[in-house]
Amino acid sequence: VRLNEDDMEFDMIGIDAAIANSFRRILIAELPTMAIEKVLIANNTSIIQDEVLAHRLGLVPIRVDPRLFDYLSENDQPNEKNTVVFKLHVQCKRGSPRITVKSDALKWLPNGSELVKETRNATSDSSSKPETYTYFGCSQETIPEFVKNPIIPKYPDIIVAKLGPGQEIELEAHAVKGIGKTHAKWSPVATAWYRMLPEVVLLEDIEDDLAEELKSKCPVNVFDIEDLGKGRRRATVARPRACTLCRECIRGDDWEKRVALRRVKDHFIFTIESTGALPPEVLFTEAVKILEDKCERVITELS
Amino acid sequence: MNAPDRYERFVVPEGTKKVSYERDTKIINAATFTIEREDHTIGNILRMQLHRDENVLFAGYKLPHPLQYKILVRVEVEKHSRGLLMPV
């Protein structure tokens, strides 16, 4: 029905309520996304506490296709296949006014972490590169998708922190793949919901003055007047989809007998609002695949 | 503090089977399937599909406790018609 860059509304007819709900649940909780998980703070002299800053960074949506990455589990080392590294270095010099740190200050580091790990060996072998917190084999810039679309936060104007004069923030953030069940920051949709199509049925023929009254009652103009000829007018239901079920049309006496408000049992109007990592139609197709996988898994485990 | 780790909601630990099956002692042709690490997303769909089969007398699912991540699906069929693999 409607498709913009970030949100989508479409109809599903003929399925059961259980499947519609399952799609909604999967869209919210089980589609993987990339979000910042580990924040390595080198310097934070601002008034925002470390953990609050890390929490806020985790909630920033990142414009990157999560299907290109793998999950990072506890025993793995962070490498270019499962981590995206960002750097944030903002300083407010003394004498200059206060700075607002927005999300476009996050710079993508395609070559991996720049923070050097402190190794305890005094007799470390003189390797040319000091050890950092990630082990990137090759630069992420070489992956063709990223040449055209560098990885940046989706919305550049999200306020992350505010700095006064003399304060500085220097940190490195690692983004990993996860699903919404673990933490809501990994949910790829702002929200996703469905409603059932309202059905407005006129039990009797409503004519002339009653028809005018009915049409004026509805705040969203669901009813229309059609002319029958000979000066008689009849009310018809023109836009049931717009009906919000406010019940205004059955207020007053006797209206309950003339208008019945119901919902069509198997017609669902889905709305999906994506946070930007993936376009909503892709999100829905991925949700279908995930549902298939889950069912497959249960079936194979049964036998 | 007492909450289990969030990844426990979908990661099946080693040793436990994902799906297990127990016949009901008191009623013939009834059984309870225990599916580990699943929730309403699958449970409701399973129940709906089971209801569509005419041989099924009783089909229901529940989550015994919201902090224990498993579902119990109870099915009763008539006359031992061996109703496995319904959602296919």
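Residues numbered from 1 in each chain as written. Chains lettered and ligands numbered in written order. Predicted model: local features only at pLDDT ≥ 70, side-chain atom pairs only at ≥ 80, totals over all residues. Heavy atoms only, no water.

Quick look at the interface of chain A and chain B now. The interface is formed by 20 residues belonging to chain A together with 20 residues belonging to chain B. With both sides pooled, the region where chain A packs onto chain B buries about 2,000 Å², and carbon together with sulfur makes up 67% of that total. Our count for the contact surface shared by chain A and chain B stands at 3 salt bridges. Across the salt bridge formed by Asp39 of chain B and Arg25 of chain A, the nearest N and O atoms sit 2.8 Å from each other. (Contact = heavy atoms within 4.5 Å. Buried area = accessible area lost by both parts, 1.4 Å probe. Salt bridge = Lys/Arg side-chain N within 4 Å of Asp/Glu carboxyl O.)

Take helix 1 (residues 17–29) of chain A next. Given a rise of 1.5 Å per residue, 13 residues ought to cover 18 Å, and the 18 Å separating the end C-alpha atoms of helix 1 of chain A matches this to within 8%. Among all positions of helix 1 of chain A, only Ala18, Ala20, Asn21, Ser22, Phe23, Ile26, Leu27 and Ala29 of chain A are buried. The inward-facing, buried residues of helix 1 of chain A contact strand 2 (7–13), strand 11 (189–202), strand 14 (259–274) and helix 6 (280–302) of chain A together with helix 1 (40–52) of chain B. (Helix = DSSP H or I, 4+ residues; strand = E, 2+ residues; numbered from the N terminus. Expected span 1.5 Å × (residues − 1). Buried < 20%, exposed > 50% of the residue type's maximum accessible area, 1.4 Å probe, protein only.)

To continue, consider the layout of surface pockets. By volume, the largest pocket is sized at about 1,200 Å³. Lining of the largest pocket is provided by 39 residues; of these, Tyr71, Leu72, Lys177 and Gly178 of chain A together with Phe10 of chain B occupy positions nearest its centre. Broken down by secondary-structure element, the contributors of at least two residues to the lining of the largest pocket are strand 3 (33–44), strand 10 (168–178) and helix 6 of chain A. Sorting elements by how many residues they give to the lining of the largest pocket places helix 6 of chain A first, with 6 residues. Residues belonging to the lining of the largest pocket are distributed by class as follows: 14 nonpolar, 6 polar and 19 charged. (1 Å grid on protein atoms, 1.4 Å probe; cavity = no way out; pocket = protein on both sides within 12 Å on 5 of 7 lines; lining within 4 Å. Points joined across faces, edges and corners; volume = space filled by probe spheres on them. Nonpolar A, V, L, I, M, F, W, Y, C, P; charged D, E, K, R; others polar.)

Sequence positions flagged by UniProt for "domain: DNA-directed RNA polymerase RBP11-like dimerisation" (unreviewed entry) are, in local numbering, residues 30–79 of chain B. Split by type, residues 30–79 of chain B is 26% helix and 44% strand. Its first and last C-alpha atoms lie 10 Å apart. (UniProt positions renumbered as here; feature names shortened; annotations may be inferred.)

All names here are of chain A. As enumerated under the stated definition, the model contains 6 aromatic pairs over all chains in all. Considering the side-chain rings of Tyr194 and Phe270, the 5.5 Å spacing of their centres and the 40 degrees angle between planes classify their relative orientation as tilted. Residue Tyr194 is located in strand 11, and its partner Phe270 is located in strand 14; the two are separated by 76 residues in the primary sequence. Judged by its relative accessible area of 24%, Tyr194 falls in the partly exposed class. Put simply, the rings of Phe10, Phe23, Tyr194, Phe268, Phe270 and Phe284 pair up and form one aromatic cluster. (Phe/Tyr/Trp six-rings, centres within 6.5 Å; stacked < 30°, edge-to-face > 60°.)

Residues and elements named next belong to chain A. If you look at the biggest cluster of nonpolar residues, it comprises 26 residues, and the most contacted ones within it are Ile36, Val84, Phe86, Leu88 and Ile151. Of all the secondary-structure elements, those providing two or more residues to this core are strand 3, helix 2 (50–58), strand 5 (84–91), strand 9 (159–163) and strand 10. Not counting residues within four places of it along the chain, the set of residues in contact with Ile151 comprises Ile62, Arg63, Val64, Phe69, Val84, Phe86, Trp108 and Phe146. (Core = buried A, V, L, I, M, F, W, Y, C linked by side-chain atoms within 4.5 Å.)

So, on to the sheet that holds strand 7 (residues 107–108) of chain A. All names here are of chain A. A sheet is described by the order of its strands in space; here 4 strands give the open sequence 3-10-5-7, paired in antiparallel fashion. Edge positions in the sheet fall to strand 3 and strand 7, since each of these pairs with one other strand and no more. When strand 3 meets strand 10, the two strands line up antiparallel, connected through 10 bridges. Counterpart to Ala35 in the pairing with strand 10 is Val176. Contacting strand 3 and strand 10, helix 2 runs over the sheet at an angle of about 150 degrees to strand 3. (Pairing = 2+ DSSP bridges. Axes fitted to C-alpha atoms, helices over the stretch in contact; angles between N-to-C directions.)

Another point: the pairing of strand 4 (residues 70–77) of chain B. All names here are of chain B. Note: strand 2 (residues 30–36) against strand 4, 7 bridges, orientation antiparallel. Residue pairing for strand 4: Thr32 is matched across the bridge by Arg74. Relative to strand 4, strand 3 (residues 56–62) runs antiparallel, the two sharing 6 bridges. The partner of Lys62 across the bridge, within strand 4, is Leu72.

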